[in-house]
Amino acid sequence: MNPHVSESLVGYALHKHRMTGDEFLAWDETQSVKHEFVRGEVFMMTGGEDRNYSLALNLAIALRQHLRGTPCRVYGSDVKLRVDAADCYFYPDLMVTCSAADAAQRLVKREPVLVVEVLSPSTAAFDRGDKFADYRQLPSLQEYLLVDAKRRRCDLHRKGSDGLWVLHPTQGDEALQLASVGLTVTADALWADLEPDAAPDGVENGPGFDPTTR
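Anyway, here's the lowdown on the structure attached to this text. (Residues numbered from 1 in each chain as written. Predicted model: local features only at pLDDT ≥ 70, side-chain atom pairs only at ≥ 80, totals over all residues. Heavy atoms only, no water.)

## Topic: the packing of aromatic side chains
Here is the rule: Aromatic pairs are defined between Phe, Tyr and Trp rings, using the six-membered ring for Trp, whenever the two ring centres lie within 6.5 Å; interplanar angles under 30 degrees are classed as stacked, those over 60 as edge-to-face, and all others as tilted. Counting from the N terminus, the helices are the DSSP runs of H or I reaching at least four residues and the strands are the DSSP runs of E reaching at least two. Here's how the labels work: a residue is buried when its accessible area is under 20% of the maximum for its type, exposed when over 50%, partly exposed in between, all with a 1.4 Å probe on protein chains only. In this scheme, Lys NZ or Arg CZ marks a charge over a ring once it lies within 6 Å of the ring centre and within 35 degrees of the ring normal.
Per the stated rule, a full pass over the model turns up 9 aromatic pairs. Ring centres of Phe24 and Trp27 lie 6.4 Å apart, and the angle between their planes is 35°; this geometry places the pair in the tilted category. Taken together, the positions of Phe24 and Trp27, both in helix H2 (residues 21–28) and 3 residues apart, correspond to about one turn of that helix. We note that Phe24, like Trp27, is buried. On the numbers, 5.2 Å between centres and 65° between planes, the contact of Tyr135 with Tyr144 is edge-to-face. Directly above the ring of Tyr91 sits Lys34, whose terminal nitrogen or CZ lies 5.1 Å from the centroid. The ring of Phe132 is capped by Arg136, whose NZ or CZ atom sits 4.5 Å from the centre of that ring.

## Re the state of the cysteines
Put simply, the rule reads: Note on terminology: pairs of cysteine sulfur atoms within 2.5 Å are recorded as disulfides.
The tally for this structure, following the rule as stated, stands at 1 disulfide. The partner cysteine of Cys72 in its disulfide is Cys98, sulfur to sulfur 1.9 Å. Looking along the S-S bond of the Cys72-Cys98 disulfide, the torsion reads about 100°, which is the right-handed sense. Of this pair, Cys72 sits in the loop between helix H3 (50–67) and strand E3 (73–75) while Cys98 sits in the loop between strand E6 (94–97) and helix H4 (100–103); the two residues are 26 residues apart in sequence, bridging distant segments of the chain.

Don't take any of this as a statement about function, it's just geometry.
Right under this line is the structure:
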């Protein structure tokens, strides 16, 4: 079965019928590129900038070293995250799960305590809006981190004991406090090997931004 693919991604739609989650998993195993699944629709994922990869790697190294010897594991963007309540499959840039059930599953994780997305012009609005709304339906999730490599800025959303999400922003030389895993990441470690390239304030997405592009 072929999924619906947004015309803005490939220039045309293959077929406009919807898929179930199980159909998506079976179909996705046959594909050479990654796709995300959102309530019956499938979206092709595009590549990102090299500095976004470097930033994700900096965080992954810090997390892996800190979590060594614990039940928690950090996974990169090749591992699927299932949000059952929202009927979605995503590929977060990074996630940490301490779940024994997740440890027993090789292909799909369901109970992360931390999810990280590194922003790009084509994904920023989606990551901040609809995707965050879907992630908030994960009962296990304690923190959602959005990182802007270009501005050297982090927006860390943390769920309080009352269930409300509170923004804890950092930027520049400020350290990043990840309470979900008990880790402080220094600015030097976070932004290591990233060249300065600040954009004017208020410039978030380019003129060709399409929120359906993943």
